[in-house]
Amino acid sequence: MMNVSPVFAHSFGQLSVRLRKLLLSFSQQKRFKSFYITTPIYYVNASPHIGHLYTASLADARQRYEKLKREQDASESEIVFATGTDEHGQKIQRAAAKQKLNPEKFCDNVSTRFKDLFSLCGIGYTDFIRTTEPRHTAAVETFWNTLSDNGYIYKGSYEGWYSTQDETFLSESDTKIVNNQRVAADSGHKVEWTKEENYLFRLSEAIKEVRSRYEKNTSAIYPMKFYDAVMNDLQYFNEDISISRERSRVPWGIATPSDPNQTVYVWLDALINYLTVAGYPDTNSRRFKSTWPADCHLIGQDIVKFHAIYWPAFLIAAGLEPPRQIVVHSHWLMKRRKMSKSLGNVVDPFKIADSVSGERLKYFLLKQGILEHDCDFSTTLLLHAVNKDLSHTLGNCLNRSIAPKLCPDQRYPPFHSECYGTLTSRREGFSEPFDIIDMVTRLPESVETNCQRYHFYKGAEDIMACVREANALLHRNQLWHLDHSDEGHKKLSETAIHCVYETLRVSGILLQIFTPSIAGKLLDKLNVSAEERTLRHARESFSTYRGGHCPYTGRNLGEDKGILAPTVKQSMLVIK
Ligand code: MSP
């Protein structure tokens, strides 16, 4: 036997511990996590409205921010942004019958409308899932079998109220009588007495773990207002829930794997879409491992119960991780009533997109919507956001600063440090020495923080405040009256225009989160290459001022691709 000295054995042991740590950290580095964000999948019982577009716009802005961030970090991880359509259930069945179409054809038609709208508005999803796809049926069947194998499903009977519009079972206390008609207390939709044999899910069992996880992680539901509401509501979810319907009543859906006479409850079917996109049931695949759990499910406040209570309970019962965060938004109203297909007060996003462009409609929703509060739709606010911000503030700033009178060489002019102090950028009424370099330097960080908090309205406002400051710089220094044959005037003018271009360049990079094609046009005009459109490039501004080299100085302006965002007149606007 070999004789090993204790000193050698100790250092060898240390080495092997270090080696193991190294190998572990290496393998962890290799296992990257994609940023996975989802919208709800939309019911196809009628065409999309701006409430639907809002959820998609929030998710789109967040994923664009994540993309911008990853490009700068040269990170390997990808973005998975899923949306789609929820096509099963009684309400779709009835809507198809009303149009005398078979459900398949009916779903194809409306699902395409959602795709059309999203492409019109630049919603850059990476996967569009339809619950009628075979990959989804496979996921639902496996999920059901797993719940069953884990002892969470049993056969029972259900008797109670069912709202077909909301596709949900309700206890008596969740309903009320309005005009001699029993309706769901929350949505006001008609309910029907239902009595049938069903499979039930042991929610009473799984809910304990859901509660305990939320107690440990207060940011799992965001904003706090909705977290508090869920924590309060959890006490009412101690009973098991029905997760199937009799197939004779709801043939349009996925049959339960063990019993062809039952259809999987449409909400269970729908929620599983998030797993299908991640590659479930292949839980050993690289895709699934890097995608699940989802980083964010973005939802409207009317579907919190399904996402924040049922969904984590289903997942825990199936041995899977719940999503990392559920982000909830409030509603768009029309004359103070929730905009909804059933109330017939919806604003048609196709019509608005026709008048103002899909991208500008998305900008309006992001600029106007606040997660915590309902927002009343108004054409005045719409025109204000698209005209004031994008046409007047942004468009005018670019147009004025590239005019030959102000930029005779049609190049990114130099920054002359000695002139900077003589420029006036301070706005009247501001007591602090607010100068443009300071504002633009802080801009990327504040936009980032606001994107992480889903405060897109603040992020957009921060950008506009900088561009307004650039406009003020042009205006206050009366650049039109400077004589470029005078060296002093020329330097002053060049320095001012340099500051304006730096502001527009940084703003343009950040605006890619909100209005990618307008931002693209702006950056094209400033001749900023595709590689230079990252967050890092936004963070590196005013290099000459900081004693470094500015890579943009002296560069020819780019091709003119036309007006950034033409002004829209009230008379051009059609909303219904
Ligand atoms: N199909 C379900 C979701 C299943 S997800 C597993 C559904 N579909 S929906 O078409 O009715 O709603 C989709 C999204 O649009 C939800 O987030 C909902 O909150 C949102 N909106 C519908 N009307 C809305 C407004 N008036 N305002 C803002 N968003 C609203 O629920």
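Provided above is the structure to which this section pertains.
These figures come from a predicted structure and were not determined experimentally.

(A) Fine view of the packing of aromatic side chains. On inspection of all chains with the given rule, the structure shows 34 aromatic pairs. With centroids separated by 6.1 Å and ring planes inclined at 65 degrees, the aromatic side chains of Phe 143 and Tyr 280 adopt a geometry described as edge-to-face. Of this pair, Phe 143 sits in helix H5 (residues 134–149) while Tyr 280 sits in the loop between helix H9 (273–278) and helix H10 (286–291), and the two are 137 residues apart along the sequence. Like Tyr 280, Phe 143 is buried. Aromatic pair Tyr 222 and Tyr 454: ring centres 6.4 Å apart, planes at 45 degrees, arrangement tilted. With Tyr 222 in strand E9 (residues 221–222) and Tyr 454 in the loop between helix H16 (436–452) and helix H17 (456–476), this pair connects stretches of sequence that are 232 residues apart. Judged by relative accessible area, Tyr 454 falls into the buried class, the value being 3%. The residue whose ring lies beneath Lys 91 is Tyr 43, and the NZ or CZ to ring-centre distance is 3.8 Å. It is Arg 245 that lies over the ring of Tyr 162; its NZ or CZ is 4.1 Å from the centre.

(B) Examining the site of the ligand more closely. Taken together, 25 residues lie around the ligand, and Ile 41, Asp 86, Asp 302, Trp 332 and Met 339 are the ones closest in. Between Tyr 43 and the ligand, the recorded distance is 3.1 Å, taken from a backbone N or O atom to an oxygen atom. Between a nitrogen atom of the ligand and a main-chain N or O atom of Gly 51, the distance comes to 3.2 Å. Protein chains bury 96% of the 660 Å² of accessible surface belonging to the ligand in isolation. Broken down by secondary-structure element, the contributors of at least two residues to the shell around the ligand are strand E1 (35–43), helix H2 (50–73), helix H8 (266–271), H9 and strand E14 (296–300). At 4 residues, the largest contribution of residues to the shell around the ligand is made by E1. Class assignment of the residues belonging to the shell around the ligand gives a composition of 12 nonpolar, 10 polar and 3 charged.

(C) Inspection of the packing of helix H6 (residues 203–216) against helix H7 (residues 224–233) at higher detail. In contact at an axis separation of 11 Å, H6 and H7 are set at 145 degrees when each is read in the N-to-C sense. The two elements H6 and H7 cross, and the hand of that crossing is left-handed. Taken together, the residues of H7 that come into contact with H6 (itself represented by Arg 211, Tyr 214 and Glu 215) are Tyr 227, Val 230 and Met 231. In the contact of H6 with H7, the residues fall into 4 nonpolar, no polar and 2 charged.

(D) Representation of the sheet that holds strand E4 (residues 153–163) in the model. With antiparallel pairing, 4 strands are arranged side by side in an open sheet as E5-E4-E8-E10. Bordering the open sheet on either side are strand E5 (168–170) and strand E10 (241–242), each of which pairs with just one other strand. With 3 bridges joining them, E4 and E5 adopt antiparallel strand pairing. Paired with Ser 163 across the two strands is Thr 168, which belongs to E5. Relative to E5, helix H11 (residues 304–317) is tilted by about 105 degrees, and along the sheet it contacts E5, strand E8 (192–201) and E10.

(E) Main features of helix H3 (residues 90–98). Taken together, the buried positions of H3 are occupied by Gln 90, Lys 91, Ile 92, Gln 93, Ala 95 and Ala 96. Lining the buried residues of H3 we find E1, strand E2 (79–86), helix H4 (103–120), E4 and strand E11 (244–246). One or two positions beyond H3, positive phi appears at Lys 100, with a value near 55 degrees.

(F) Summary view of the packing of helix H13 (residues 358–368) against helix H14 (residues 379–402). Packing of H13 against H14 leaves a shortest axis separation of 9 Å and a crossing angle of 105 degrees. Comparing the axis directions of H13 and H14 gives the class roughly perpendicular. Across from Arg 360, Leu 361, Tyr 363, Phe 364, Lys 367 and Gln 368 in H13, the residues of H14 making contact are Leu 381, Leu 382, Ala 385, Val 386, Asp 389, Leu 390 and Ser 391. Split by residue class, the contact of H13 with H14 holds 8 nonpolar, 2 polar and 3 charged.

(G) Focus on the sheet that holds strand E12 (residues 255–256). Across the sheet, which stays open at both edges, the 3 strands sit in the order E11-E13-E12 with antiparallel pairing between neighbours. Looking along the sheet, the strands with just one partner apiece sit at the ends: E11 and E12.

(H) Focus on the environment of Gln 301. Within the secondary structure, Gln 301 is located in the loop between E14 and H11. C-alpha separation for the pair Gln 301 and Asn 45, spaced 256 residues apart in sequence, amounts to 20 Å. The contacts of Gln 301, once residues within four sequence positions are left out, are Phe 226, Val 328, His 329, Ser 330, His 331 and Asp 374.

(I) Geometry of helix H19 (residues 516–525). Those residues of H19 lying buried are Ile 518, Ala 519, Gly 520, Leu 522, Leu 523 and Lys 525. The inward-facing, buried residues of H19 abut H13, H14 and helix H18 (487–511). In the stretch just after H19, Asn 527 is the one whose phi turns positive, near 60 degrees.

(J) Local environment of the pattern of salt bridges. Considering all chains together, one arrives at 32 salt bridges under this definition. For Glu 133, the salt bridge identified is with Arg 135, shortest N-O distance 2.8 Å. Judged by relative accessible area, Arg 135 falls into the partly exposed class, the value being 31%. With a closest N to O distance of 3.4 Å, Asp 259 and Lys 155 form a salt bridge. Of this pair, Asp 259 sits in strand E13 (residues 259–264) while Lys 155 sits in strand E4, and the two are 104 residues apart along the sequence. For Asp 259, a relative accessible area of 9% puts it in the buried group. Overall, the relative accessible area of 44% leaves Lys 155 in the partly exposed class. Ionic contacts of the salt-bridge type, sharing partners, join the residues Arg 62, Glu 66, Lys 69 and Arg 70 into one network.

So, how was this worked out
- Residues numbered from 1 in each chain as written.
- Predicted model: local features only at pLDDT ≥ 70, side-chain atom pairs only at ≥ 80, totals over all residues.
- Heavy atoms only, no water.
- Phe/Tyr/Trp six-rings, centres within 6.5 Å; stacked < 30°, edge-to-face > 60°.
- Helix = DSSP H or I, 4+ residues; strand = E, 2+ residues; numbered from the N terminus.
- Buried < 20%, exposed > 50% of the residue type's maximum accessible area, 1.4 Å probe, protein only.
- Lys NZ or Arg CZ within 6 Å of the ring centre and 35° of its normal.
- Near = heavy atom within 4 Å.
- Polar contact = N/O pair within 3.5 Å; in protein donor to acceptor, adjacent residues only side chain to side chain.
- Areas by Shrake-Rupley, 256 points an atom, 1.4 Å probe, with all protein chains shown as cover.
- Nonpolar A, V, L, I, M, F, W, Y, C, P; charged D, E, K, R; others polar.
- Axes fitted to C-alpha atoms, helices over the stretch in contact; angles between N-to-C directions.
- Left-handed = near helix turned anticlockwise from the far one by under 90°.
- Contact = heavy atoms within 4.5 Å.
- Pairing = 2+ DSSP bridges.
- Parallel < 35°, antiparallel > 145°, perpendicular 65-115°, else oblique.
- Salt bridge = Lys/Arg side-chain N within 4 Å of Asp/Glu carboxyl O.

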